[in-house]
Amino acid sequence: MTQTQPKTWDVAVVGAGMAGMAASLFAAERGLSCLQIGNGGGLLFASGLLDLLAVHPVAGRRLWDNPFEALAMLRRDQPDHPLARVDDATMRAAFQSFTTALGAAGMPYAPPGDRNANVLTSLGTAKPTYGVPRTMSAGVGALAGRPPCLLLDFRGLREFSARQIVATIGDRWPGLRMARVEFPGAETTAELYAAHMAVALESGDFRERTIARVRPLLGDAHAVGFPAVLGLARSGAVHAAFEEALGVPVFEIPTMPTSVPGLRLNSALEQAVVTRGVHRMLRANVTSAAFDGTAVLTLDGVPGGETVSARTVVLATGRFTGRGLTAGQQRVTESLLGLPVQQPASRAAWHSRDFLDPAGHAVNRAGLATDDEFRPLESDGRPAWPGLFAVGSILAGQDWMREKCGAGLALGTARLAVDRIARQLGVPGPLAEAG
Amino acid sequence: MSASFLRMAFLVSLGLCALGLLWRVSAWLRVRIGPDARDIPFHQRLLAAVRGTLATLVSRRTPGVLKAFVLDVFLQRRLFGGSRLRWLGHLLIVNGFLLLLVMHALARLVTAKLYPDYASTHDPWLFLRNVFGAVVVVGIVMVVAGRLRRPPSPPRPQRPMDRVFTALVAVVLLSGFLLEATKVASPKAFYRMANEYIGSTDPEELLPLRLAWATDFGVAFPDLQGAPDPDKLAEGRELHHDACASCHSPPGSSAFVSYPISRVLAPIAEPLDGIDADTWLMYLHLAACFLGLILLPFTRFIHVLADPVSLLANGAASAGPLSPVGRANRRALAIDACVDCRLCDDRCSVAPIARSLGNPALLPSHKLLATHAVATNPRWLDRQAGHARRIAEGAVLCTTCGRCTDRCPVGIDLADLWVAGRADLARAGQPSPAQWVRERSALDWDEALAVQTAAQNPVGPLSSRRETYSACVQCQTCTNVCPVVAHGGEEPGGMDLTPQKVMNLLRLGMIDLAIGSGMVWDCATCYQCQEHCPEGIRVTDVMLELRELGYRRLGDTRERRQRE
């Protein structure tokens, strides 16, 4: 990094999950000096699929082919939903920049369009999503057209069973077959781990030995599905090599978290933000913050208890898993700044009586209430501090897991917040791509 | 003492010395250190040694060998880099002794042949003998002073033979000076010579010569007190010039060490003559020399031979890597090449650990002895009652950083020796903990530990705290990034446990089961797991702590079982 560390950062992003990464990336692309603080790791649980919005309303489990139509409906039905505040242009620009950056960092995505895609999961179900990694995109067509296909798994890789997928979906996909192969060099190993296989397959030797075992099994298959182990840092090249050697489209099927695509996403995003000049303090934790003309954040995990100052702060600390919110005995609190949390009136109202209630649980819509610029509000309804923004799953009024809008929520809110920050700091507006 | 007896004694000593040397030198080809040396037959090693010697003498590498000879053997360059005082002292001792040996001890064979008019009591020989003797004494003083100035280090077990030899050297030096001093002052020696060369022992007849010798040579005639008659003295000096001067230089200035001693002895010259002190001192001097000669091959002073060989071999080998046979020879040579200078101990990376554990077996100088002993005597380790584990600790904790090798003034490849020695220790029943923990399964260890009461079980500050691992969500990230899991370990079927399973065992309070697992002991401590853990769990630190606990607890259990 050639950029020197400024005394006061334009933006301090707290959090290194999907939303924190997106905010850092967008801020850096805007030419803002950006400091990112906090432990990574949340991204490891990502599947690599980028959902925009697929289900609305959750109670009716209505699936949408076109996520932008779903967004329009959401704006009408739930104007307080964070995504209702993100316009289509901002959302498209967010996905465009994000997937372009990932592609440059070695994790290419199919170009985002207007449609949701159905991806075959390791359970044999179809998952609607928006952004699909190139290594998985052939599976979307296969699942849609259901030509004769071969699904492979590896003995010892316990988290993935092609047999289970065929058992689940086979009656609706007559040409679907499965086969189990030995992973080269692991013939006596009882248990295999996806990440190690992925690294091994980056070497030509392992790849060729694997391909040699798969080729005789091809038969009439129009496409071949593998568990998502085709390379780690160079998945694009590994995937291409498999397609070339087998002569048919090859697709990965996402595995259970923590999965190889999650590792890929994590390292590709790290690379993307670092090459754009974001300064990262991964081992540090923000312990307190004071707001005046600028924000002064106190860090631990840094020798001497360093403080940093920033003109604006983006809170991307996540919900309960990311520890942005703390669920106490009676109340949900915001962990870092003690901001007011919009939440059910009492503990009794947190959860529905039915665990699998289609409408979800009220506590999963708890979070920070914000204005239209994603600035968290104090109890008097005014922004807590003019330069403080909150993005991602910490925001109130959404249930991203059920709505299948995790990436849409992270990217869309981060993009909009960064647009507002740029405007506040007097930085020229979004480039033409936003149109 | 007859000359023939002397010659006989000398030849016998020389023969015994030669046999001893042959035995010791043959050990350089016989001793097998390390698994790769085990299957190399004697004749191959002999062949390699002969070939190496020839290659050293005539080859493209000759310039390197010459350079090594001049800088390393002759000027002892590597010692110079360590301590100047010690270097100078050592140089004085070696060269003083060497010159004494050639000029004085081997006078008949060397000096007298080169200088037909050689006489030990005539200058420059008398003077030079004193110079060389003084040089050795000064060298010894410097080395001893250097030792005293160094911070105290734990004593290394010494061979009793080394002490005997050191004492013999002192006897040789001391008796040499005393012998010379006694002879200077001795009237009896005077009469013996007068009888031989003038044919008279009559004190009156020899009075002029006696006056001259009392005045100029310091012979302590009890009857000659006070100022001598100048005429008689002149007459005596003339007689001296004719009869004695060709063999005798005045010792007052030449024998600058023994003459002052003779002045001290002068008052008791007569009683000394009465007990034939000069003869006995001569016996003592020669006996010490001969005994020293016989013992030399069995002391660490064999290094006078082993070091040049080691250094020259280094000079010859510096062009490329050694063959396995060459390496085997070098390892066997190491024990004899070591001069016990302890410079390796000063540079040892784990010396601070040796201090904090109070275990000198970690130090290179100690390990060298242990490595050699383990390789040459299969029962040696068993006889180190209670110390075997400490010796094994020394081998395990060594990081093979190679700083000792860099420092060794005689060019021993110590780091290579440590690696080879580990394998020998393992064969002798003291493998590394990571190896012996595999003697039984984790379940077996767990069972064995369950017999102990909780009070005996040390706990670790990290692993005993629930908070350390309570945040673990079993996401498998640690396992995914673990290179040891990726490699699969030594057993078929891969690692018995993965890092995340170890964490899970801790969560379940099953620490005894965790510390016997292969994962804990094969952990490469690369810290990938700890760096990647999304929950910030100190996975690697926990692994290290489990190892520490395991070493103590399983080690005790293993020892108890071995005793039973």
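Criteria and thresholds
- Sequence positions are assigned chain by chain, starting from 1 and proceeding in written order.
- Each chain gets a letter, beginning with A, and each ligand a number, beginning with 1, in the order they are written.
- Note on the predicted model: pLDDT of at least 70 is required for a residue's local features to be given, and 80 or more for side-chain atom pairs to be given and counted; whole-chain, interface and lining totals, by contrast, use all residues.
- Numbering goes from the N terminus for both helices and strands, where a helix is a DSSP run of H or I of at least four residues and a strand is a run of E of at least two.
- Exposure classification rests on a simple neighbour count of other C-beta atoms within 10 Å of a residue's own: a residue reaching 20 or more is buried, one at 12 or fewer is exposed, and one in between is partly exposed. C-beta atoms are placed from the backbone.
- This entry defines residue contacts through backbone-placed C-beta atoms, with two residues in contact when those atoms are within 7 Å.
- Any two strands between which DSSP finds at least two bridges are classified as paired.
- With the strands pointing away from the viewer, any crossover whose connection runs clockwise from the first strand over the helix to the second is right-handed.
- Axis angles are defined between N-to-C directions and span 0 to 180 degrees, where every axis is a line fitted to C-alpha atoms and, for a helix, only to the segment in contact.
- Residues of type Ala, Val, Leu, Ile, Met, Phe, Trp, Tyr and Cys that are buried and joined through C-beta atoms within 7 Å form what is called a nonpolar core.
- Here, expected helix span is obtained from the residue count minus one, scaled by 1.5 Å.
- In this context, the arc is that of the directions from the helix axis out to the C-beta atoms.
- Along the chain, pLDDT gives the predictor's confidence residue by residue, from 0 to 100.

A. Main features of the overall build of chain B. Along chain B, the regular secondary structure elements total 33 helices and zero strands. Counting every position in chain B, which comprises 564 residues, the buried fraction comes to 39%. Taking the intrachain contacts of chain B between residues at least 6 apart in sequence as the baseline, contacts between residues at least 24 apart amount to 77%.

B. Focus on the interface of chain B and chain A. Between chain B and chain A, the residue contacts involve 15 residues of the former and 16 residues of the latter. No other element matches the four residues that helix α27 (residues 477-481) of chain B contributes to the side of chain B that touches chain A.

C. Structural context of the pairing of strand β7 (residues 223-227) of chain A. Residue and element names in this part refer to chain A. Burial runs high along β7: five of the five residues are buried. Neither face of β7 is left uncovered, since the one carrying A223, G225 and P227 and the one carrying V224 and F226 both have all their residues buried. Looking at chain direction, β7 and strand β8 (residues 250-253) are connected through four bridges and run parallel. Within the sheet, the bridge partner assigned to V224 lies in β8 and is V250. In this region the chain leaves β7, passes through helix α8 (residues 235-246) and returns to the parallel neighbour β8; the handedness of that crossover is right-handed.

D. Quick peek at the pairing of strand β6 (residues 176-181) of chain A. Bridge count between strand β5 (residues 149-154) of chain A and β6(A): six bridges; the pairing is parallel. Each residue of the ladder has a partner; that of L151(A), found in β6(A), is M178(A).

E. Summary view of the sheet that holds β8(A). Residue and element names in this part refer to chain A. Taken in spatial order, the four strands of this open sheet run β6-β5-β7-β8, and their pairing is parallel. What marks the edges here is a single partner per strand, and that holds for β6 and β8. Strand after strand, the sheet turns through a mean of 25° between neighbouring axes, direction not considered. Across the sheet, helix α4 (residues 134-145) lies against β5, β7 and β8, angled at about 95° from β8, the strand it touches most.

F. Local environment of unusual backbone geometry. Residue P57(A) is bonded to the preceding H56(A) through a cis peptide linkage, with omega at -10°. Cis geometry is found at the peptide bond from P257(A) to T258(A), where omega equals -5°. Relative to the assigned elements, T258(A) resides in the loop between β8 and α9 (260-275). One non-glycine residue, R146(A), lies in the positive phi region at around 50°. One can find R146(A) in the loop between α4 and β5. Note on R146(A): 15 C-beta atoms within 10 Å, which makes it partly exposed. If you check the backbone angles, D276(B) has positive phi at about 55° while not being a glycine. A tally of 13 C-beta atoms within 10 Å means that D276(B) is categorised as partly exposed.

G. Main features of the nonpolar core. Core analysis: the biggest nonpolar cluster contains 170 residues, and A12(A), A22(A), A23(A), V314(A) and V391(A) have the highest contact counts within it. Counting residues per element, this core draws most heavily on helix α11 (residues 406-424) of chain A, at ten residues. Excluding residues that lie within four positions of it along the chain, V314(A) makes contacts with V11(A), V13(A), V14(A), A23(A), F389(A), V391(A) and A417(A). Listed in part, the 89 residues of the second largest apolar core include A288(B), C289(B), I302(B) and C404(B).

H. The environment of A110(A), seen in detail. Residue and element names in this part refer to chain A. Take A110: it is sitting in the loop between α3 (88-104) and β3 (117-120). The partly exposed category is assigned to A110, around which 16 C-beta atoms lie within 10 Å. Each C-alpha atom, one on A110 and one on P133, is 6.1 Å from the other, the two residues being 23 residues apart in sequence. Contacts of A110, omitting those with residues within four sequence positions, involve V132, R134 and S137.

I. Representation of helix α15 (residues 277-295) of chain B within the structure. Residue and element names in this part refer to chain B. For α15, which comprises 19 residues, the first-to-last C-alpha distance of 26 Å matches the rise-based estimate of 27 Å (1.5 Å per residue) to within 8%. Listed in full, the buried residues belonging to α15 are A277, D278, L281, H285, A288, C289, G292 and L293. In a view along the axis of α15, the buried residues occupy a sector of 140°, so they form one face of it. Where α15 is buried, its residues touch α1 (3-30), α5 (84-105), α8 (160-185), α9 (187-197) and α14 (269-274).

J. Here's a closer look at helix α7 (residues 125-149) of chain B. Given a rise of 1.5 Å per residue, 25 residues ought to cover 36 Å, and the 36 Å separating the end C-alpha atoms of α7(B) matches this to within 8%. Taken together, the buried residues of α7(B) touch α5, α8, α12 (251-254) and α13 (258-265) of chain B.

K. Representation of the confidence of the model for chain B in the model. Residues and elements named next belong to chain B. With 95% of its residues at a pLDDT of at least 70, chain B reaches an overall mean of 85. Per-element confidence in chain B is highest for helix α29 (residues 499-507), whose mean pLDDT is 92, and lowest for helix α3 (residues 62-74), whose mean pLDDT is 72. Model confidence for the complex is summarised by a pTM of 0.69, with the ipTM given as 0.78.

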